[in-house]
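Fold and contact review
Here is how the chains run, residue by residue.
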Amino acid sequence: MGVDQKSSRPLAVYDLDGTLADSAHRQRFLERKPRDWDAFFAAAPQDPPLAEGVALALKSAQECEVVYLTGRPERCRRDTLDWLAAQGLPEGRVWMRRNDDRRPARRTKLEILRRLARDREIRVLVDDDELVCEDAERAGFTVVRARWTGASEALKDAQEREGRT
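We now turn to the structure provided with this report. (Residues numbered from 1 in each chain as written. Predicted model: local features only at pLDDT ≥ 70, side-chain atom pairs only at ≥ 80, totals over all residues. Heavy atoms only, no water.)

Considerations on the sheet that holds strand β5 (residues 143-145)
A sheet is described by the order of its strands in space; here five strands give the open sequence β3-β2-β1-β4-β5, paired in parallel fashion. Across the chains shown, the open sheet's two edge strands, defined by having one partner strand only, are β3 (94-97) and β5. Here the average twist between neighbouring strands, direction ignored, is 20°. Bridge analysis of strand β4 (residues 122-127) against β5 gives three bridges, and the strand direction is parallel. (Pairing = 2+ DSSP bridges. Helix = DSSP H or I, 4+ residues; strand = E, 2+ residues; numbered from the N terminus. Axes fitted to C-alpha atoms, helices over the stretch in contact; angles between N-to-C directions.)

Let's talk about the pairing of β3
Across the two faces of β3 the burial is the same, with V94 and M96 and W95 and R97 all buried. For strand β2 (residues 65-73) and β3, the ladder comprises three bridges, and the chain directions are parallel. Considered in β3, the bridge of Y68 is made with V94. Where the polypeptide runs from β2 across helix α4 (residues 77-86) and back to β3, its parallel neighbour, the crossover connection is right-handed. (Buried < 20%, exposed > 50% of the residue type's maximum accessible area, 1.4 Å probe, protein only. Right-handed = clockwise from strand over helix to strand, strands pointing away.)

A word on the pattern of salt bridges
Per the stated rule, a full pass over the model turns up 23 salt bridges. Among the ionic contacts, a cluster of salt bridges with common partners joins R97, D101, R103, E111 and R115. (Salt bridge = Lys/Arg side-chain N within 4 Å of Asp/Glu carboxyl O.)

Quick look at the packing of aromatic side chains
Under the criterion given, the structure shown has three aromatic pairs. Consider the rings of W37 and F40, whose centres lie 5.6 Å apart with planes at 80°: the pair is edge-to-face. Highlighted residues: W37 and F40, both in helix α2 (residues 37-42), separated by three residues, approximately one helical turn. As far as burial versus exposure is concerned, W37 and F40 are alike and both buried. With a centroid separation of 5.8 Å and an interplanar angle of 25°, the aromatic rings of W37 and F41 are classed as stacked. Within this pair, W37 and its partner F41 are both found in helix α2, separated by four residues, close to a single helical turn. (Phe/Tyr/Trp six-rings, centres within 6.5 Å; stacked < 30°, edge-to-face > 60°.)

Quick word on the environment of V13
When you line up the elements, V13 lands in strand β1 (residues 11-14). Overall, the relative accessible area of 0% leaves V13 in the buried class. Counting along the chain gives 114 residues from V13 to D127, while the straight-line C-alpha distance between them is 8.5 Å. Setting aside residues up to four positions removed in sequence, V13 forms contacts with V67, L69, L113, I122, V124, L125 and V126. (Contact = heavy atoms within 4.5 Å.)

Details of helix α3 (residues 51-60)
All of the buried residues in α3 are G53, V54, A57 and S60. One side of α3 holds all its buried residues, which, seen down the axis, span an arc of 125°. Away from the buried face of α3 by more than 90 degrees, exposed residues A51 and K59 are located. Each element contacted by the buried residues of α3 is listed here: β1 and β2. (Arc of directions from axis to C-beta.)

On their own, these measurements won't tell you what the molecule is for.
Here's what the structure looks like:
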């Protein structure tokens, strides 16, 4: 596939934690005070894949260019790329938050979505964070809510208040 053909395809934008990656085994690091963010992210390479999310991403790749939009910090890039490849997920650009960015996920993700939408059609955003989904829908994006896993209250609080994932 040529560069022009790829760049003209619509984008399917996928979240990672709770959408493609089952992060339940590392939630315990967020339930303690203070939260242990280093341990939480260090355990990410052991995340099992979420079959529903992976199947949807593979299906999306038939018509769209798949890209990934995560609240994980940039310092997790190598582990994240290795994990995506190990799961057989489509190759695609990975958008991560700056290491020092503590804004809520709904703000950082919506900012990137709007930037992407300037040049490309965004066919769908797939995310498990209700606040991200609500804001994206209000902004006119088509959203699929990843409801195939239950998010912990600690993770929800971290996403909204601490801008960490």
